[in-house]
Amino acid sequence: MKPFIYDLTLEELQDWAKNNGEPAFRGGQIFDWLYVKRVNDFSEMTNLSKGLREKLAEQFSFVTLHEITKLESKDGTVKFLFGLHDDHAIETVIMRHNYGNSICVTTQVGCRIGCTFCASTLGGLKRNLTAGEITAQVVQAQKILDKTNERVSSIVIMGSGEPFENYEATMTFLRTMIHEKGLNIGQRHITVSTSGIVPNIYKFADEDTQINLAISIHAPNDALRSKLMPVNRRYPFNDVMDALRYYLAKTGRRISFEYALIGGVNDQAEHAEELADVLKDMLCHVNLIPVNHVPERKYVRTSRSDIFNFQRILADKGINVTIRREQGHDIAAACGQLRAKHMELG
Ligand code: SF4
């Protein structure tokens, strides 16, 4: 199997050009064809010699994401189930906001983290995506948006998988996305979300980027978090908090906490009080997400009054908090639901 051309950063394409007896700027030309002109084949790269195009085709392939399912929500959200070359399937979502179009990408086929409210983890982890396979999701979304002269303005790495367990590929993907000679997505418009893989929170803090970090926290203490997220036994709550304090000290960037509200489990006033105490000195924002019903689990949604009560308790204690606007609710847009359905049928 040949590597994917999208796996390479601009610098790696320049090195490849040099190693093949060409000036480095040929690497830049290839990058331009991939991310600005967004061609589908090496033969379309017409400012390269025929010989060079053939060499590229011999050594690399394009990622093919074939559309298995496309679901469109009334709110404009479009969810894709894409088939990969090895018959695995991944989900990618285009979300429309009043401030632009956001793409939610997947970093792994399945996930081994085991969060109890998440459909992505039901079949375990199948494999990591390569950087190019993550990149291809955004390029494909941009090609779709090209038809209406729109652009991808932000990216959230919140699809299936734990990006910090596929760290290098995720970072390579990010370097390509933010490059000013490519898609040029603003770093502050990208958010990477982790369940709390502690060593890589430290690593990410040291990367010196402006990319946002979100943490799936979902509980205000160790015991409850371990029940909802087995990863908490590997990286306990307090260790995650220490890593986040390091991140804050290093970057000065506000952290987002994702908190899925599950009826009767983690959504009571006492949980909100405890969470507020834990977060009180942190530069952060809490995103409350009323949990989606996962038929395989017995979770129920938090009532509207409890959602607002939870929000009010946090806000009264000075925590910056919002309730996430649900998108694509009518098309099973929550992480992993479409793929889970596909696996059942397949
Ligand atoms: S929420 Fe994210 S980390 Fe947790 S199981 Fe689902 S995909 Fe994995």
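Residues numbered from 1 in each chain as written. Predicted model: local features only at pLDDT ≥ 70, side-chain atom pairs only at ≥ 80, totals over all residues.

1. Brief notes about the overall build of the protein chain
Consideration 1: What the protein chain contains, in helices and strands, is 12 helices and 12 strands.
Consideration 2: Computed over C-alpha atoms, the radius of gyration of the protein chain comes to 21 Å, within 12% of the 20 Å expected from 2.2 N^0.38 for 346 residues, which places it in the range of a compact globule.
Consideration 3: Seen through its C-alpha atoms, the protein chain measures out along the principal axes to roughly 70 × 45 × 35 Å.
Consideration 4: Within the protein chain, the proportion of its 346 residues that are buried is 44%.
Consideration 5: Considering only residue pairs separated by 6 or more positions, the protein chain has 66% of its internal contacts joining residues 24 or more positions apart. (Helix = DSSP H or I, 4+ residues; strand = E, 2+ residues; numbered from the N terminus. Rg over C-alpha atoms; globule rule 2.2 N^0.38 Å. Buried ≥ 20, exposed ≤ 12 C-beta atoms within 10 Å, placed from the backbone. Contact = placed C-beta atoms within 7 Å.)

2. Quick look at unusual backbone geometry
Consideration 1: Backbone geometry places R38, a non-glycine residue, at a positive phi of 55°.
Consideration 2: Position of R38 relative to the elements: it lies in the loop between α2 (25–35) and α3 (50–59).
Consideration 3: Residue R38 is classed as partly exposed on the basis of its C-beta count, with 16 C-beta atoms lying within 10 Å.
Consideration 4: Even without being glycine, D208 reaches a positive phi, approximately 60°.
Consideration 5: Here D208 lies in the loop between α6 (198–205) and β9 (212–216).

3. Some points on the UniProt feature "binding site: S-adenosyl-L-methionine" (unreviewed entry) in the protein chain
Consideration 1: Here, the residues flagged by UniProt with the feature "binding site: S-adenosyl-L-methionine" (unreviewed entry) are G161, E162, S193, S216, I217, H218 and N292.
Consideration 2: On the secondary structure map, G161 appears in the loop between β7 (152–157) and α5 (167–178).
Consideration 3: Take G161: there are 30 C-beta atoms within 10 Å of it, and that puts it in the buried class.
Consideration 4: Once residues lying within four places of it in the same chain are set aside, the contact partners of G161 are T106, T107, Q108, C111 and N166.
Consideration 5: Turning to its location among the elements, E162 is positioned in the loop between β7 and α5.
Consideration 6: In this structure, E162 is in contact with Q108, C111, I113, T194, S195 and I197, ignoring residues within four places of it in sequence. (UniProt positions renumbered as here; feature names shortened; annotations may be inferred.)

4. Let's talk about the sheet that holds strand β4 (residues 100–104)
Consideration 1: In spatial order, the strands read β1-β2-β3-β4-β7-β8-β9-β10-β11-β12; together these 10 strands make up an open sheet with mixed pairing. Each of the sheet's edge strands pairs with one partner strand only, and the pair in question is β1 (66–72) and β12 (320–323). Along the sheet, successive strands turn relative to each other by an average axial angle of 20°, direction set aside.
Consideration 2: Where strand β8 (residues 190–194) lies against β9, 4 bridges are found, and the strand directions are parallel. The partner of V192 across the bridge, within β9, is L213. (Pairing = 2+ DSSP bridges. Axes fitted to C-alpha atoms, helices over the stretch in contact; angles between N-to-C directions.)

5. Here's the deal with the pairing of β4
Consideration 1: Here β4 lies mainly inside the structure; 4 of its 5 residues are buried.
Consideration 2: Bridging between strand β3 (residues 89–97) and β4 involves 5 bridges; their strand directions are antiparallel. The partner of H97 across the bridge, within β4, is G100.
Consideration 3: Taken together, β3 and the strand that follows it, β4, pair antiparallel across an intervening segment of 2 residues.
Consideration 4: Note: β4 against β7, 4 bridges, orientation parallel. Looking at the pairing, S102 lines up with S154 of β7.

6. Here we look at the pairing of strand β2 (residues 78–83)
Consideration 1: As judged from the 6 bridges shared by β1 and β2, these two strands associate in the antiparallel manner. Bridge pairing in β2 places E67 opposite F82.
Consideration 2: Here β1 hands over to β2 after 5 residues, with G76 in that stretch at a positive phi of 95°.
Consideration 3: Sheet analysis places β2 next to β3, joined by 6 bridges and oriented antiparallel. The residue of β3 that forms the bridge with K79 is V93.
Consideration 4: Taking the residues that link successive antiparallel strands as the turn, the β2-β3 hairpin has 5 residues, and the phi of D87 there is positive, at about 75°.

7. Here's the deal with the packing of helix α4 (residues 131–146) against α5
Consideration 1: Relative to each other, α4 and α5 sit at 40°, their axes nearing to 8 Å. The angle between the axes of α4 and α5 places the two elements in the oblique class. Judged by the sense of rotation from one axis to the other, the crossing of α4 with α5 is right-handed. Mapping the contact onto sequence places A131, I134, T135 and V138 in α4 and A169, T170, T172, F173, T176 and M177 in α5.
Consideration 2: Taken together, the residues of the contact of α4 with α5 break down into 6 nonpolar, 4 polar and no charged. (Parallel < 35°, antiparallel > 145°, perpendicular 65-115°, else oblique. Left-handed = near helix turned anticlockwise from the far one by under 90°. Nonpolar A, V, L, I, M, F, W, Y, C, P; charged D, E, K, R; others polar.)

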